[in-house]
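Chain residues, written in single-letter form:
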Amino acid sequence: MRRIKGWRIWAAAFALFALVPVGTGSAAATLEEVPYPIDSSNQAGWWSPLDTYGTGLEYAYMAYNAPGSTAGTHKVYIARRDGTGAWSNIPVMNGTNVAEFIDDNGHNQPSIARDGSGRFHVFASMHDNTWRYFRSDTVGGAPQEHAADMPDPTMKVTYPVLATAPNGDLYLMARIGKDTAGKRDAHLFRWDNANSTWSQIAVVATTLNRSVYPDDLVFDSNGDLHILFEWAHFAASPLRHQLSYLKYSPSTGTFSKANGTVVSAPVTLSTADIVQPLAATEAYVQSGSDPGGPGVQSAKMTVDSANNPIIAYRYREEGSTTFSVKQAAYGAAGWQLQTVYDATETRAAIDVTWTGTEARIYYVKYSGTDRAYAAVNAGGTWTATSIAPGKPIERLAVKRNAKNVDILYLVDIANLKLYYGRNP
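Residues numbered from 1 in each chain as written. Predicted model: local features only at pLDDT ≥ 70, side-chain atom pairs only at ≥ 80, totals over all residues. Heavy atoms only, no water.

Caption draft 1: Inspection of the overall build of the protein at higher detail. For the protein, the count of helices and strands is one helix and 35 strands. When its C-alpha atoms are laid out on the principal axes, the protein stretches across 65 × 50 × 45 Å. Of all 424 residues assigned to the protein, the portion counted as buried reaches 58%. Accessible surface computed for the protein: about 16400 Å², of which carbon and sulfur atoms make up 51%. The centroid of the 36 positive side-chain charges in the protein is displaced by 5 Å from the centroid of its 38 negative side-chain charges. (Helix = DSSP H or I, 4+ residues; strand = E, 2+ residues; numbered from the N terminus. Buried < 20%, exposed > 50% of the residue type's maximum accessible area, 1.4 Å probe, protein only. Areas by Shrake-Rupley, 256 points an atom, 1.4 Å probe, with all protein chains shown as cover. Lys, Arg positive; Asp, Glu negative; His and termini not counted. Charge placed at Lys NZ, Arg CZ, Asp CG, Glu CD.)

Caption draft 2: View of unusual backbone geometry. Here the residue pair F234 and A235 is connected by a cis peptide bond, since its omega of 10 degrees sits within 30 degrees of zero. Here A235 shows up in the loop between β20 (225-233) and β21 (241-249). Between A265 and P266 the backbone carries a cis peptide bond, its omega angle lying at 5 degrees. Along the polypeptide, P266 turns up in the loop between β23 (262-263) and β24 (273-274). Backbone geometry at S125 places phi at a positive 55 degrees, although glycine is not the residue there. S125 gets classed as buried once you look at its relative accessible area, which sits at 4%. In this structure, N209 is a non-glycine residue whose phi angle is positive, near 70 degrees. Relative to the elements of secondary structure, N209 occurs in the loop between β18 (197-205) and β19 (210-219).

Caption draft 3: The sheet that holds strand β11 (residues 120-123), seen in detail. The strand order across the open sheet formed by four strands is β10-β11-β13-β14, and the pairing between neighbours is antiparallel. This sheet does not close on itself; its edge strands, each paired only once, are β10 (111-114) and β14 (143-145). In this sheet, neighbouring strand axes are inclined to one another by 25 degrees on average, regardless of whether the strands run parallel or antiparallel. Pairing analysis gives four bridges linking β10 to β11, with the strands arranged antiparallel. Counted as the bridge partner of A113 is H121 from β11. (Pairing = 2+ DSSP bridges. Axes fitted to C-alpha atoms, helices over the stretch in contact; angles between N-to-C directions.)

Caption draft 4: Representation of the pairing of β10 within the structure. Taking every second residue as pointing to the same face, both faces of β10 are buried, with S111 and A113 on one and I112 and R114 on the other. Connecting the antiparallel pair β10 and β11 is a turn made up of five residues, with G118 showing a positive phi of about 90 degrees.

Caption draft 5: Focus on the sheet that holds strand β31 (residues 372-378). Pairing within the open sheet is antiparallel, and its four strands lie in the order β29-β30-β31-β32. A strand with exactly one partner marks an edge of an open sheet, and here the two such strands are β29 (346-354) and β32 (381-386). In this sheet, neighbouring strand axes are inclined to one another by 25 degrees on average, regardless of whether the strands run parallel or antiparallel. Taken together, the six bridges between β29 and strand β30 (residues 359-365) define a ladder with antiparallel strand orientation. Bridge pairing in β30 places D351 opposite Y362.

Caption draft 6: How the structure looks around the pattern of salt bridges. One pass over the structure, following the stated rule, counts 17 salt bridges. We note a salt bridge from R184 to D179, for which the minimum N-O separation is 2.9 Å. The exposure class of D179 is partly exposed, given its relative accessible area of 34%. With its nearest N and O atoms 3.6 Å apart, the salt bridge here joins D192 to R190. Residue R190 is classed as partly exposed on the basis of its relative accessible area of 25%. Salt bridges sharing common partners tie together E58, K403 and R422. (Salt bridge = Lys/Arg side-chain N within 4 Å of Asp/Glu carboxyl O.)

Everything listed here is a matter of geometry and, on its own, says nothing about what the molecule does.
Take a look at the structure:
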């Protein structure tokens, strides 16, 4: 026991020493290297690999891919940071072994959420696979395989994203393949925390010859769920189009656009709330690689103090060869689009938080000494601050915790390092 206690004291002291301030300006951050090795497959743009908890002793939970037992494979873990700064590594279990899967970059990264009872829920390594779902059987315990608890075990699932409701329920959006029908739809599921059961709420988006790409789920202070997704040519394409928004009210079971217009689920391209319309030369193209031309690639969302959605996304404009960083904010005048950054190419890594007074948009430059940035709009001009100087960050996720601090999940693929960060 003395050795364990001593280790905790040392770990807490090390954490405080390692939290070195970086950057300048309105978005100065502190970073700390997570003390566990990551796998090179730990990279995605759509995932939700980060959750937080607590207003006193706060916690961060970072789901990640660790090196597998052989080359080309990975194992799934949760790096847990407690309120003292001490780390523990929680395995995601498949029977008596740590869950292990074949690498499939951009598709099989884990998403995590903590329910109102303190149990972890992890969805991992699904690229048109049946459910690979893991849940803690005890509060804070190592997740165990629970795929049989999901609706319809024959579903082929890709791109799971998660959010925890104010009442402790969980909501999951994922793309479900229906290749024989010529489409891949977005489905919405709910974890009833009181009864410990999953159910399907609805198919939320579908269009013939189109595939839906889930982006994000965000709850507001009213308990309404904000939903964000993109469309591509069926069956798949790295270049997507017509970024779309939808709101779901669990209290009434209704779906609506940002302006309050009620719509029937599933929405189609003719009924969806289109945030980024097609440009004049923009067209759906089925391709295994980026065909060029205008289009969307990755998006995340938050809500402002009035519960209006604010979206950060990457969009390649007509005539451009690079993806710019954009903001779409909804207000009295409808969707208002702004360019945040367009000087150089960016990576499929983006996020956004609301500080209480302003939106803070996170993005990653494709190259350079400093790559990860946070931008805010001051006096009509977007000003960016480096949040990881000197570190070749390629992927990120951000979540604002209950103490109004942005918790950062920063991935350095080149050096196989994962960073925990704090941006007040």
